[in-house]
Amino acid sequence: MDRDLRRMVGATFANIPTRKPGLSREAIVMLTRIDHVGIACHDLEEKIAFYESTFGLLVVSREVNEQQGVKEAMLHVADGPAGASYVQLLEPLNPDTPVGKFLVKRGEGVHHIGYGVDDVVAALESIGGTGVRLLDERPRHGSMGASIAFLHPKDVGGVLTELVQAKPR
Ligand code: CMX
Ligand code: CO
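Fair warning: this is a prediction, and the values are worked out from it, not measured in the lab. (Residues numbered from 1 in each chain as written. Chains lettered and ligands numbered in written order. Predicted model: local features only at pLDDT ≥ 70, side-chain atom pairs only at ≥ 80, totals over all residues. Heavy atoms only, no water.)

**Structural notes on the layout of surface pockets**
Over the atoms rolls a probe the size of a water molecule, and its path tells where empty space is left. The line we're drawing: Residues are called lining when one of their atoms sits within 4 Å of a cavity or pocket point, these points coming from a 1 Å grid over the protein atoms alone, where a cavity is a set in which a 1.4 Å probe fits but cannot get out and a pocket is an open set with protein on both sides within 12 Å along at least five of seven lines. Grid points are joined across faces, edges and corners, and a volume is the space filled by probe spheres set on the points. Numbering of helices and strands starts at the N terminus; helices are DSSP runs of H or I of at least 4 residues and strands are runs of E of at least 2.
What the largest pocket holds in volume is close to 810 Å³. Pro98, Phe102, His111, Pro153 and Leu160 are the residues nearest the centre of the largest pocket, which is lined by 32 residues in total. Mapped by element, the contributors of at least two residues to the lining of the largest pocket are β3 (70-80), β4 (83-92), α3 (98-106), β5 (109-116) and β7 (147-151). Counting residues per element, the lining of the largest pocket draws most heavily on α3, at 6 residues.

Shown next, in the form of structure tokens:
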């Protein structure tokens, strides 16, 4: 990026308000970034190959998370000032899991959005106070050592929403 363009982009971002005026700081949960987009698939290896060959993404982590009922891979997209962002590919461990049920009902596609937060416990308390149902009262273990918690999609306009506090580097 040349220097003028860099300055322009910097200035543009500096002008974007990040908080709704009039709300107290305590009432606001700061979402720091889009941490990942979770995508449900039938065949993890096939989808990894697709994302690698089509978008040139690289797998940075593979895990089996029994508690969440998934076999998954994180593919790095970009680094930003608030941390990295990823595509999370999810294959269910069996049909009676969140991703397994989703695939039967809706087929492959976007399953959830994961937003970065600095403090997931504080975020849960604040969001729970607004009436949005918390699927996790307390954080659970997520990809790459993160602490995660889900919000009910019916209370977030049909979007299953995950809060992600990344493991400290
Ligand atoms: N996005 C949007 N809506 C969803 C959804 C999703 N991913 N999954 C389910 N729903 C909707 C269903 O369509 C259904 O709506 P209707 O009643 O209008 O048909 C409703 O929610 C209930 O769905 P269900 O199939 O009966 O499933 P359950 O209620 O048993 O579970 C949910 C739904 C969201 C509570 C469950 O999937 C959950 O607890 N998810 C959080 C954990 C998770 O998804 N883990 C996997 C990812 C792990 C990771 O990212 O690390
Ligand atoms: Co996720």
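Once the structure has been displayed, the description carries forward.
**Section: the pairing of β4**
Regular strands place side chains that alternate from one sheet face to the opposite one. Our working definition: Under the scheme applied here, a residue whose accessible area is under 20% of the maximum for its type counts as buried, over 50% as exposed, and between as partly exposed, the area being computed with a 1.4 Å probe on protein chains only. Strands pair, by our definition, only if DSSP identifies at least two bridges between them.
Within β4, 10 of the 10 residues are buried, which leaves the element mostly enclosed by the surrounding structure. Two elements, strand β1 (residues 33-40) and β4, share 5 bridges in a ladder whose sense is parallel. Within β4, the position partnered with Val37 by the bridge is Val87. Two elements, β3 and β4, share 10 bridges in a ladder whose sense is antiparallel. Following the sheet pairing, Asp79 is matched in β4 by Ala84. As consecutive antiparallel partners, β3 and β4 are separated by 2 residues.

**Observations concerning helix α2 (residues 44-55)**
Quick note on the threshold: By this rule the span expected of a helix is its residue count minus one, scaled by 1.5 Å. It is the directions from the helix axis to the C-beta atoms that the arc portrays. By the criterion applied in these results, polar contacts are pairs of N or O atoms within 3.5 Å in which, for protein atoms, one can donate a hydrogen and the other can accept it, and in which residues neighboring in sequence qualify only through two side-chain atoms.
The first and last C-alpha atoms of α2 sit 16 Å apart over 12 residues, in line with the 16 Å expected at 1.5 Å per residue. For α2, the complete set of buried residues consists of Leu44, Lys47, Ile48 and Tyr51. Looking straight down α2, one finds its buried side chains confined to an arc of 105 degrees; they lie on one side. Residue Asp43 occupies the N-cap position of α2, its side-chain oxygen lying 3.2 Å from the main-chain nitrogen of Glu45. Looking at the residues trailing α2, positive phi occurs at Gly56, about 70 degrees.

**With respect to the site of ligand 1**
Formally: Each residue is tested against the molecule or strand, and it is near if at least one of its non-hydrogen atoms lies within 4 Å. In short, Shrake-Rupley with a 1.4 Å probe defines the accessible areas, and a residue's cover is counted only from the protein chains shown. Grid points define the cavity or pocket, and a molecule sits in it when more than half of its atoms lie within 2 Å of them.
What surrounds ligand 1 is a group of 18 residues, the closest being Gln68, Lys101, Arg106, His111 and Lys154. Separating a nitrogen atom of ligand 1 from a side-chain N or O atom of Gln68 is a distance of 2.8 Å. Compared with its free state, where it exposes 970 Å², ligand 1 has 75% of that area covered by protein. Put simply, ligand 1 lies in the largest pocket.

**Points about the coordination of the cobalt ion (ligand 2)**
Put simply, the test is: Atoms are scored as donors when they are N, O or S and lie within 2.8 Å of the metal, with 3.2 Å used for Na, K and Ca; no water is included, so coordination may look incomplete.
The coordination sphere of the cobalt ion (ligand 2) contains the protein donors His36 (NE2), Gln88 (OE1), His112 (NE2) and Glu162 (OE), at a distance range of 2.1 Å. All donors to the cobalt ion (ligand 2) come from one chain, and their sequence spacing reads H-x51-Q-x23-H-x49-E. Of the two residues, Gln88 sits in strand β4 while His112 sits in strand β5, which places them 24 residues apart along the sequence. Classification of His112 as buried rests on a relative accessible area of 3%.

**Describing the sheet that holds β5**
Rules: Contact between two residues is taken to exist if any of their heavy atoms lie within 4.5 Å; hydrogens are not considered. Between N-to-C directions, angles span 0 to 180 degrees; the directions come from axes that are lines fitted to C-alpha atoms, helices contributing only their stretch in contact.
Read from one edge of the open sheet, 8 strands run β2-β3-β4-β1-β5-β8-β7-β6, paired in mixed fashion. A single partner strand is all that each edge strand has here, and the edge strands are β2 (58-65) and β6 (140-141). Running at roughly 145 degrees to β4, α2 makes contact with β1, β2, β3 and β4 of the sheet. Each of β1, β3, β4 and β5 touches α3; the most contacted strand, β5, lies at about 140 degrees to it.

**Side note on the pattern of salt bridges**
To be explicit about the condition: The rule for a salt bridge is simple: a side-chain nitrogen of Lys or Arg has to be within 4 Å of a carboxyl oxygen of Asp or Glu.
Tallied over the full model, the rule gives 7 salt bridges. As a salt-bridge pair, Asp35 and Arg33 come within 2.7 Å of each other at their nearest N and O atoms. Each of the two residues, Asp35 as well as Arg33, counts as buried. Sharing partners across several salt bridges, the network here consists of Glu46, Lys47 and Glu108.

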